[in-house]
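Examining the three-dimensional arrangement
The lines below spell out each chain.
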Amino acid sequence: MADKPQTRSQYRNSQAKQPETKKPTGKGKRITGNVVKVVFFTALFLAFAGIAGGATAFYSYAKEAPKLTDSKLRDPLSSKILDKNGDVYAEIGKERREYIEYKDIPKQLENAVLSTEDSRFYEHNGMDPIRLASAAVGNITGGFGSQGASTLTQQIIKMSYLDYTNKTLDRKAQEAWMAVQLEQKYSKHELLEIYINKVYLSDGIHGMETAAEHYYGKKLKDLNLAQTALIAGMPQSPNRFNPFENPDLAKKRRDIVLTLMYNNDKISKSEMEAAQSVAITDGLVDEATRKQKTYAYDTYVDQVIDEIGDKYNPFTDGLTIYTALDPDAQKYTEKMLNTNEVINYPDAKFQAGVVIMDTETGRVQALGGGRETAGTKKISRGLNRATDIKRQPGSTMKPILGYAPAIEYLDWSTAHIFNDAPYQYSSGQELRNYDSGYLGEISMRHALYSSRNIPAVKASKEVGYDRARDFANNLGLNYKEVYESTVIGSGEASPIQMAGAYGAFGNGGVYNKPHTVTKILLSDGETEVNMEPESVVAMKASTAYMISDMLKDVLTKGTGTRANIPGWNIAAKTGTTNYDESVRIKNGIPSDGTPDSWFVGYSPRYTVSIWTGYDEPNKYYLSPSETRIAAYMFKATMEHLVSGEKNPDFKKPSNVNEIPIIVGSNPITRAGSGASGGNISYELFLDGTIPTKSAAEKKTETKTDEKTDAEKEAERKAAEEKEKKEKKEKEKSEADKQKEQQEAERKATEEAERTALQAPAGLNGSYNAANKTISASWASNGPGVTYDVSVNGQTQNYGVTSITVSGGSPGSSVVIMVVPVKDGKRGSPATTTITIPPDQTQQDTPATDGTGTDGTQNNTTPPPAN
């Protein structure tokens, strides 16, 4: 390591001891002296002139500076978040602070902070001319901005009163003026106390005492030198130096702080080197158990913070944030996700993302970021599956990339005829429907509600993939290219993006970007900032209406009948995805396994977007019965939303005409007046596209009053026979349906019984040395199952899927066996062994083996749903 740098006084003394060099004499001396005098007096004159002008400008800027107030100095201003009713449901900023007085600030921390931020803190009066000159030289030699000149006092001013992003001359003048005033009003110890309690340290943390608790689970006084240096160095760029997120950058910053402490004679060289050798992760709390504050509706609050984070800091700016949150909808969403009262989920790892949005405005009323179970509990600011995930949307893309563009650009009707027949991708690979079959000539309506792949791709190809892409991107999607596979859902989207896109269909073609924040009131109590996104006309009103009319049929006779709410005007689309064949085979996934299941739908009032699946889709998959859960969730959500409300319908534009046609006719043929029955379908046509061909009306050859009595009797008997036959067929059909249902229920019951008594999957155990407890958890075997849990032979029955017990001695092994029990029957056991280390400082020791006694690996694929 290089020798310790000299101080200025040491440098001057060493120079004084150097032998004198020969001084110039004679004529050369006189010339040199004259030149020096000219340069000196010229510089002096310019300096006085500059000072006079600079002083005038400085006074002009400084007089506009804000007044010093103690409240702004002591605490950053928290922000309040209001729901759609104007009620506060979260306040962020001030909660994340533990105040520490100067007398309790460790000297080690004071030395670290001042060595890093302001080594001459106790010598200047708010402005440090020496530091300013040093920074100026550094900027000349190292490039502008390479060094800062702000004292710690100036930093307090920037954090408390001024816009720190504003680097103009007037702001710098105000900062300097206020720093001098601040030094006159407060003692140095008070200023240091304010700084240490005020600085932001990432993860929503303010103040170094709070940061010590957050990152190390300790008080400041209990931190070692390396840990203290990390905390002291973070304020320069808190998020960059967050040891959880950027450990390499955090270590570099910590080591710089230690070097500065050594250079300022606060630590010895050996102390510096020893602390620099410590791993940056040493002593950090486990990331999964960070002591973060969780707020009411934390998923929604996370999205609020994300939306305004680029413009304001909600943790310090004292904002009043108005949002669209509907507390009732949010509570219901969380109840549906985190209990089995609404939906019976197959296991703890099953996940979902839910978005509830106002169809007309795009205001997001509720968010479900995921299920918070024992196996998947989400920490605040964690993964939000409603907004963050990007998964394949499956068939929910067909209206967006196929049928809507065809109506928009080609003026197709809902009766447009497709030939659902064998078809190939441009690569030559066969494109199949989900059932591997073909329906021949069918209408667009039929193709959409029955979710056929081939007609959707044909429609998009006819429009042109570039125009289809542009249409989708106008609805909030971000596709660079669209291919045949993209049309049927191989791209990526999030639930909130799909909500925005489908909401435009329900809003007459007008797209509003989904958003939680409606407006912000700044801390001055007067300035309002409108946060509503600008509306965009994404398609014609006729296109939106025709798509909505067809999507209604998805719920009544298509792929989404499980979500139908009889009598309500709701349009929706299902979507499931498939595994790549090589991925499926590699991971042992059955041919009917599915990675994603979607259900996206809307009424004129509400849009609901739901994704279901697993966070690790190549490890866990959805069975055919589990793909239906998204539909059940949609129905439950929409029923809750519309309960007690009016039932508006989508408004039909004047240029859309509803015409009865003969089903299966090609060319499309209008039905005759008075026609009805199963061979008639009412389809939508734009002005100028109504079919002209009509079916010939059947003419009555014999007037009723000319019929004989025998003819009348024959007709009556024929009608009676027909009625009896139809009744008999109906009864037989209902009996067959009931029989099929009973058989399905019987099989489901048998499967549930079999699954319930399998060895519990995912049994894992750990030892926590801090509190000397043993924990174990496992996946649920379904409803009605309890578990006999034996710990080293001591057995107790539990109705939960996790336990924590005390005991165990260093160096010993603890065997945990879990046996499922249902209706008095015991199933197969699963076991795991936890070895307690001799060294009690070791934390959370995992189970030494990874398998249960039934031979199955922990965290195996979950059983199918009951």
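Residues numbered from 1 in each chain as written. Predicted model: local features only at pLDDT ≥ 70, side-chain atom pairs only at ≥ 80, totals over all residues. Heavy atoms only, no water.

Attention now moves to the nonpolar core. Ile-400, Tyr-403, Leu-475, Met-498, Phe-505 and Ile-547 are the most contacted members of the largest nonpolar core, which totals 57 residues. Going through the elements one at a time, α15 (398-410), α16 (444-449), α17 (453-463), α18 (465-473), α20 (495-506), α21 (541-557), β15 (596-602) and β18 (680-686) are the ones with two or more residues in this core. Apart from residues no more than four positions distant in its own chain, Ile-400 is found in contact with Pro-405, Phe-471, Ala-472, Leu-475, Leu-477, Met-498, Ala-501, Tyr-502 and Phe-505. Val-113, Tyr-195, Tyr-215 and Val-257 belong to the second largest nonpolar core, which has 51 residues in total. (Core = buried A, V, L, I, M, F, W, Y, C linked by side-chain atoms within 4.5 Å. Buried < 20%, exposed > 50% of the residue type's maximum accessible area, 1.4 Å probe, protein only. Helix = DSSP H or I, 4+ residues; strand = E, 2+ residues; numbered from the N terminus. Contact = heavy atoms within 4.5 Å.)

Let us now look at empty space enclosed by the protein. A full pass over the atoms with the stated rule returns four cavities of 30 Å³ or more. In this model, the second largest cavity occupies a volume close to 50 Å³. Every residue along the wall of the second largest cavity is listed here: Trp-568, Asn-569, Ser-603, Pro-604, Arg-605, Val-642, Glu-645, Lys-646, Asn-647 and Pro-648. Class assignment of the residues belonging to the lining of the second largest cavity gives a composition of four nonpolar, three polar and three charged. (1 Å grid on protein atoms, 1.4 Å probe; cavity = no way out; pocket = protein on both sides within 12 Å on 5 of 7 lines; lining within 4 Å. Points joined across faces, edges and corners; volume = space filled by probe spheres on them. Nonpolar A, V, L, I, M, F, W, Y, C, P; charged D, E, K, R; others polar.)

Quick look at the sheet that holds strand β3 (residues 320-323) now. If you trace the five strands from one edge of the open sheet to the other, you get β2-β1-β3-β11-β12, paired in mixed fashion. Single-partner strands in this sheet number two, and they are β2 (88-92) and β12 (528-530). Direction aside, neighbouring strands of the sheet carry axes that sit 20° apart on average. Where β3 meets strand β11 (residues 517-521), four bridges bridge the pair, whose relative direction is antiparallel. Within the sheet, the bridge partner assigned to Tyr-322 lies in β11 and is Lys-519. Against the sheet, helix α13 (residues 298-308) engages β1 (79-82), β2, β3 and β11, with an angle of about 60° to β2. (Pairing = 2+ DSSP bridges. Axes fitted to C-alpha atoms, helices over the stretch in contact; angles between N-to-C directions.)

A separate point is the pairing of β11. Of all five residues in β11, four are buried, a share of seventy percent or more. With three bridges connecting them, β11 and β12 associate as antiparallel partners. Across the sheet, Ile-520 pairs through a bridge with Val-529, a residue of β12. Linking β11 to β12, which pair antiparallel, is a turn of six residues; within it Gly-525 sits at a positive phi near 75°.

For the rest of this paragraph, the subject is the sheet that holds strand β16 (residues 606-613). The strand order β5-β4-β16-β15-β14 describes an open sheet built from five strands, whose pairing is antiparallel. Pairing within the sheet leaves two strands with one partner each, and these edge strands are β5 (364-368) and β14 (571-576). The sheet shows a mean angle of 5° between the axes of neighbouring strands, taken without regard to direction. Sitting on the sheet, helix α14 (residues 327-338) touches β4 (351-358) and β5, and the angle it makes with β5 is about 20°.

Relative to β3, β1 is paired through three bridges, and the arrangement is parallel. Following the sheet pairing, Leu-82 is matched in β3 by Tyr-322.

Attention shifts here to the packing of α15 against α20. Running from amino to carboxyl end, α15 crosses α20 at an angle of 30°, the nearest separation of the two axes being 11 Å. Judged by the angle between their axes, α15 and α20 are roughly parallel. Between α15 and α20 lies a crossing of left-handed hand. Of the residues in α20, those in contact with Pro-399, Ile-400 and Ala-404 of α15 are Met-498, Ala-501, Tyr-502 and Phe-505. In terms of residue class, the contact of α15 with α20 is built from seven nonpolar, no polar and no charged. (Parallel < 35°, antiparallel > 145°, perpendicular 65-115°, else oblique. Left-handed = near helix turned anticlockwise from the far one by under 90°.)

In this structure the tally under the stated criterion is 31 salt bridges. For Glu-110, the salt bridge goes to Lys-107, with nearest N and O atoms at 3.4 Å. In this pair, Glu-110 and Lys-107 both sit in helix α4 (residues 107-117), three residues apart, roughly one turn of the helix. Take Glu-110: its relative accessible area is 2%, and that puts it in the buried class. In this structure, Glu-683 and Arg-445 form a salt bridge, with 2.8 Å as the shortest nitrogen-oxygen distance. Within this pair, whereas Glu-683 is found in strand β18, its partner Arg-445 is found in helix α16, the two being separated by 238 residues in sequence. Taking the relative accessible area as the measure of exposure, Glu-683 reaches 2% and is therefore buried. (Salt bridge = Lys/Arg side-chain N within 4 Å of Asp/Glu carboxyl O.)

For the rest of this paragraph, the subject is the confidence of the model for the protein chain. Residues with a pLDDT of 70 or more make up 78% of the protein chain, whose mean pLDDT is 81. Counting interchain partners and residues more than four positions distant, the pLDDT-below-50 stretch residues 374-380 has 19 contacts. Within the model, pLDDT remains below 50 along residues 840-866, and this stretch shows 77 contacts once partners closer than five positions in the same chain are excluded. (pLDDT = per-residue confidence, 0-100.)

Before going further, it helps to spend a moment on the packing of aromatic side chains. Aromatic rings considered in pairs are described by the distance between their centres and by the relative angle of their planes. For the coordinates displayed, the defined rule picks out 16 aromatic pairs. Ring centres 6.4 Å apart and planes at 80° place the aromatic pair Tyr-409 and Phe-471 in the edge-to-face group. Taken together, the residues Tyr-409 in helix α15 and Phe-471 in helix α18 connect sequence positions 62 residues apart. Taken together, the ring pairs connect Tyr-345, Phe-350, Tyr-614 and Tyr-620 into an aromatic cluster. Sitting over the face of the ring of Phe-121, Lys-188 holds its NZ or CZ atom 4.5 Å from the ring centroid. Over the face of the ring belonging to Tyr-606 we find Arg-605, whose NZ or CZ atom lies 4.4 Å from the ring centre. (Phe/Tyr/Trp six-rings, centres within 6.5 Å; stacked < 30°, edge-to-face > 60°. Lys NZ or Arg CZ within 6 Å of the ring centre and 35° of its normal.)

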